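# Summary of structural features
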Amino acid sequence: KTELRRAMAELLEALIKMPQVRIKNPDYMRSVFEEVIDGNSQKLQVISDFDQTLTKDHEDGERCLTTFGIFHSTPQLPDGYCEQSEVLYHKYHPMEVHPDLSVEEKTPYMVQWYKDSEQLLVGADVSKENLKNHIYSSKTIFRDGSRDIFDALKKAGVPVLVFSAGVGDVVRHALEKHHMLLDNVRIISNFLNWDSESGKLAGFQGDMIHVFNKNQRAVAAHEEYFSLLANRPNVILMGDNEGDAAMGHGVQNPKAMIKIGFLYHHAKERLEKFMDMFDIVLIDDQTMDVPKYILNYVI
Ligand code: C5P
């Protein structure tokens, strides 16, 4: 117990000193760390968002492509497709990261964005093979350390859920390409649906997951996953959006959850909201250094 207390105090002290780290409630954090470190890899599961969480938001002053962005640059998509999806991005992305709107106010815009995006891709003559080749030849910019974390979690036998409101097929191939689709990794996302007769795109499969419905409803279809993990009540959750904080709603008998939020757009204005929703907020940190540091104490 003394050893545990020492480790937890050392971890918290180190995190607080890091310039990009904000922790709203260190006392609460202390008790959560104690529980998670005590439970070690046996009691742990990890839930992570994909776009701008496992991947970077920007590199060398350039924005990194999201899974939708990679999908939209598939060469076989019809003329004008890219321009139209850009128009949608510039219309809806500012609403997603708007500092003054609540999640309730943002949600209808997100629903409409996904509906418009789906409509745009219906009938496109892109095969599964075309898409896979395109993803394999595209640059996916994972955060420095994402692959190390996946390797460490695999080694420790810790299940990882990648919960993405992006394009599932892009998530899958990007992980595969970087040797991160290991057998402890599961993806919940928007997978494309191909028309079995024409071979053309027919939309997305199942209910749409958008950035603000990663909650109980979206995980209802994946209840069996969380049932299998009912003996893993401790969670490390990582996201970059207010909606991502709800990704742990499906966890059965949750005990201790460390919610880590990556923040950059309108960081100053959104910081308070982020600190209410995430236990640890990382400001413009394009690495996995902090999650890696925490995991070192747990697994
Ligand atoms: O993996 P994650 O849940 O973060 O993926 C969703 C991201 O995809 C959102 O942050 C959103 O900005 C982006 N998006 C997009 N084009 C769309 C819909 C969402 O770039 N049509």
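Everything below is about the structure shown above.
This report concerns the structure included in the present document. (Residues numbered from 1 in each chain as written. Predicted model: local features only at pLDDT ≥ 70, side-chain atom pairs only at ≥ 80, totals over all residues. Heavy atoms only, no water.)

## Considerations on the site of the ligand
Put simply, the rule reads: Consider each residue's heavy atoms; a residue with any of them within 4 Å of a molecule or strand counts as near. Two N or O atoms form a polar contact when they lie within 3.5 Å of each other; inside protein one atom must be a possible hydrogen donor and the other a possible acceptor, and for residues adjacent in sequence the pair counts only when both atoms belong to side chains. Accessible areas in this description were obtained via Shrake-Rupley with a 1.4 Å probe; residue shielding takes into account the shown protein chains only. Method remark: on a 1 Å grid restricted to protein atoms, a set of points is classed as a cavity if a 1.4 Å probe fits but cannot get out and as a pocket if it is open with protein on both sides within 12 Å along at least five of seven lines; lining residues have an atom within 4 Å of a point. Molecule-in-pocket calls rest on the fraction of atoms, with more than half required to lie within 2 Å of the cavity or pocket grid points.
Taken together, the neighbourhood of the ligand is formed by 16 residues, with Asp49, Glu96, Ser117, Ala165 and Lys214 sitting nearest. One nitrogen or oxygen atom from the side chain of threonine 66 is found 3.2 Å from an oxygen atom belonging to the ligand. Take glutamate 96: an N or O atom from its side chain is 2.6 Å from an oxygen atom of the ligand. For the ligand, whose unbound accessible area comes to 470 Å², protein coverage reaches 98%. Judged by its atoms lying within 2 Å of the grid points, the ligand is housed in the largest pocket.

## Describing the nonpolar core
To keep it simple, the criterion reads: For the purposes of this section, nonpolar cores are sets of buried Ala, Val, Leu, Ile, Met, Phe, Trp, Tyr and Cys residues that join through side-chain atoms within 4.5 Å. Working definition: with a 1.4 Å probe on protein chains only, accessible area under 20% of the residue-type maximum means buried, over 50% means exposed, and in between means partly exposed. Throughout, a residue-residue contact means that at least one pair of heavy atoms, one from each residue, lies within 4.5 Å.
Phe33, Ile280 and Ile294 are the most contacted members of the largest nonpolar core, which totals 97 residues. Dropping the residues within four chain positions of it, phenylalanine 33 is found in contact with Met8, Leu11, Leu12, Leu15, Ile258, Ile280 and Ile294.

## Focus: the sheet that holds strand β11 (residues 280-283)
Our working definition: Pairs of strands are assigned from DSSP output, requiring at least two bridges between the strands. To qualify as a helix, a DSSP run of H or I must reach at least 4 residues; to qualify as a strand, a run of E must reach at least 2; elements of each kind are numbered from the N terminus. Helix axes use the C-alpha atoms of the stretch in contact, all axes being lines fitted to C-alpha atoms, and the angles between their N-to-C directions lie in the range 0 to 180 degrees.
Ordered in space as β1-β11-β10-β9-β2-β5-β6, the 7 strands form an open sheet in which the pairing is mixed. Each end of this open sheet is capped by a strand with a single partner; those strands are β1 (21-23) and β6 (185-190). Adjacent strand axes in the sheet meet at a mean angle of 15° when their direction is disregarded. When β1 meets β11, the two strands line up antiparallel, connected through 3 bridges. From the neighbouring strand, arginine 22 faces β11, where its bridge partner is valine 281.

## Quick look at the pairing of strand β8 (residues 201-204)
Inspection of the sheet shows strand β7 (residues 192-194) paired to β8 by 3 bridges, in the antiparallel sense. Within β8, the position partnered with tryptophan 194 by the bridge is leucine 201. Taking the residues between adjacent antiparallel strands as the criterion, β7 and β8 are bridged by 6 residues, where glycine 199 takes a positive phi near 75°.

## Details of the layout of surface pockets
Over the atoms rolls a probe the size of a water molecule, and in doing so it shows where empty space is left. Just so we agree on the cut-off: Grid points are joined across faces, edges and corners, and a volume is the space filled by probe spheres set on the points. Residues were grouped as follows: Ala, Val, Leu, Ile, Met, Phe, Trp, Tyr, Cys and Pro as nonpolar; Asp, Glu, Lys and Arg as charged; and all remaining residues, including Gly, as polar.
Here the largest pocket is characterised by a volume of approximately 620 Å³. In this structure, the largest pocket is lined by 31 residues; those nearest its centre are Thr66, Phe68, Gly69, Tyr89 and Trp113. Looking at the lining of the largest pocket, the elements with two or more residues in it are α3 (67-72), α4 (81-96), α5 (103-121) and β5 (160-167). Per-element tally for the lining of the largest pocket: the top contributor is α4, with 7 residues. Of the residues that constitute the lining of the largest pocket, the class distribution is 11 nonpolar, 12 polar and 8 charged. In this model, the second largest pocket occupies a volume close to 250 Å³. In terms of lining residues, the second largest pocket is bounded by 14 residues, among which Gly206, Asp207, Ile209, Ala221 and His222 are the most central. Breaking the lining of the second largest pocket down by element, the ones donating at least two residues are β6 and α9 (216-220). Ranked by residues supplied to the lining of the second largest pocket, first place goes to α9 with 3 residues. Across the lining of the second largest pocket, the residue classes tally to 7 nonpolar, 5 polar and 2 charged.

## A short note on empty space enclosed by the protein
With the rule as written, the count across this model stands at 2 cavities of 30 Å³ or more. The volume enclosed by the largest cavity comes to roughly 80 Å³. Every residue lining the largest cavity is counted, 14 residues in all, and those nearest its centre are Val97, Asp240, Tyr264, His265 and Arg270. Taken as a whole, the second largest cavity spans an internal volume of roughly 30 Å³. Contributing to the lining of the second largest cavity are Val46, Ile149, Leu153, Ile236, Met238, Pro291 and Leu295. Where the lining of the second largest cavity is concerned, the elements lending two or more residues are α7 (146-155), β9 (234-239) and α12 (289-298). Split by residue class, the lining of the second largest cavity holds 7 nonpolar, no polar and no charged.

Taken by themselves, the reported measurements are silent on function.
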